[in-house]
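Each chain, written out:
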Amino acid sequence: MTIRGKTDVKKRQWFGIPRTWLFVLTILLSACVHNPDYFYEIGERPIPPGIEKKIIPHTTTQDDVLNLLGEPVVRLKTQSNEGHIHIWTYSYMDLESPTHDKGESLTITFDDDTFVVQSVTRGPL
């Protein structure tokens with residue numbers, strides 16, 4: 001019985017390996033399917049036209065900007081004459097353009113104490 005018990009265990013272990021690989025393969029293939037809502041990576045989503053008009057200096061907060069635009073490509077905290085400021089940069093590069101020269105950026109600065117927008121600048125990359 002002892003020998004048979006070991007053989008059954010070996011068969012069960014071997015049987016589990018193909019199921020495991022099938023599970024891994026299913027996960028990998030499902031990762032290849034794109035949901036349109038999550039199609040863009042950071043830096044690939046176009047910056048909506050006129051969005052800077054909705055970001056009002058001395059009124060709009062960091063949370064408001066996150067709700068409008070999502071996570072920035074770059075977050076930076078730097079020293080200024082008045083203390084620290086936070087600089088968030090959103091950028092977009094059109095990767096489907098043959099020359100890859102179409103791109104733009106949106107730079108937003110925030111006060112370190114209140115986390116309210118100080119300035120908004122839109123321009124080319």
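Please refer to the structure placed before this passage.
Residues numbered from 1 in each chain as written. Predicted model: local features only at pLDDT ≥ 70, side-chain atom pairs only at ≥ 80, totals over all residues. Heavy atoms only, no water.

A short note on the nonpolar core
Judged by nonpolar contacts, Ile-47, Ile-51, Ile-55, Val-65, Leu-69, Trp-88, Tyr-90, Tyr-92, Leu-106, Ile-108, Phe-110 and Val-117 together constitute the single largest core of 12 residues. Those elements that provide at least two residues to this core are helix H2 (62–69), strand E2 (83–93) and strand E3 (103–111). With residues near it in sequence (within four places) discarded, Val-65 still touches Ile-55, Thr-60, Gly-70, Trp-88, Tyr-90, Ile-108, Phe-110 and Val-117. (Core = buried A, V, L, I, M, F, W, Y, C linked by side-chain atoms within 4.5 Å. Buried < 20%, exposed > 50% of the residue type's maximum accessible area, 1.4 Å probe, protein only. Helix = DSSP H or I, 4+ residues; strand = E, 2+ residues; numbered from the N terminus. Contact = heavy atoms within 4.5 Å.)

Concerning the pattern of salt bridges
Close approach of charged atoms allows side chains of opposite charge to pair. Scanning the entire structure with this criterion turns up three salt bridges. Here Glu-52 ties to Arg-122 by a salt bridge, and the two come within 2.6 Å at their closest N and O atoms. Residue Glu-52 is found in the loop between helix H1 (2–32) and H2, and its partner Arg-122 is found in strand E4 (residues 117–124); the two are separated by 70 residues along the sequence. For Arg-75, the salt bridge identified is with Glu-71, shortest N-O distance 2.9 Å. (Salt bridge = Lys/Arg side-chain N within 4 Å of Asp/Glu carboxyl O.)

So, the side chain of His-86
Position of His-86 relative to the elements: it lies in strand E2. Here the side chain of His-86 touches Asp-112 through a polar contact of 2.6 Å, side chain to side chain. When neighbours within four sequence positions are excluded, His-86 is seen to be in contact with Gln-62, Leu-76, Lys-77, Ile-108, Thr-109, Phe-110, Asp-111, Asp-112 and Phe-115. (Polar contact = N/O pair within 3.5 Å; in protein donor to acceptor, adjacent residues only side chain to side chain.)

Description of unusual backbone geometry
Non-glycine residue His-58 carries a positive phi angle of around 65 degrees. Positionally, His-58 belongs in the loop between H1 and H2. For Phe-115, which is not a glycine, the phi torsion comes out positive at approximately 60 degrees. Considering the arrangement of structural elements, one finds Phe-115 in the loop between E3 and E4. Overall, Phe-115 belongs to the partly exposed group, its relative accessible area being 34%.

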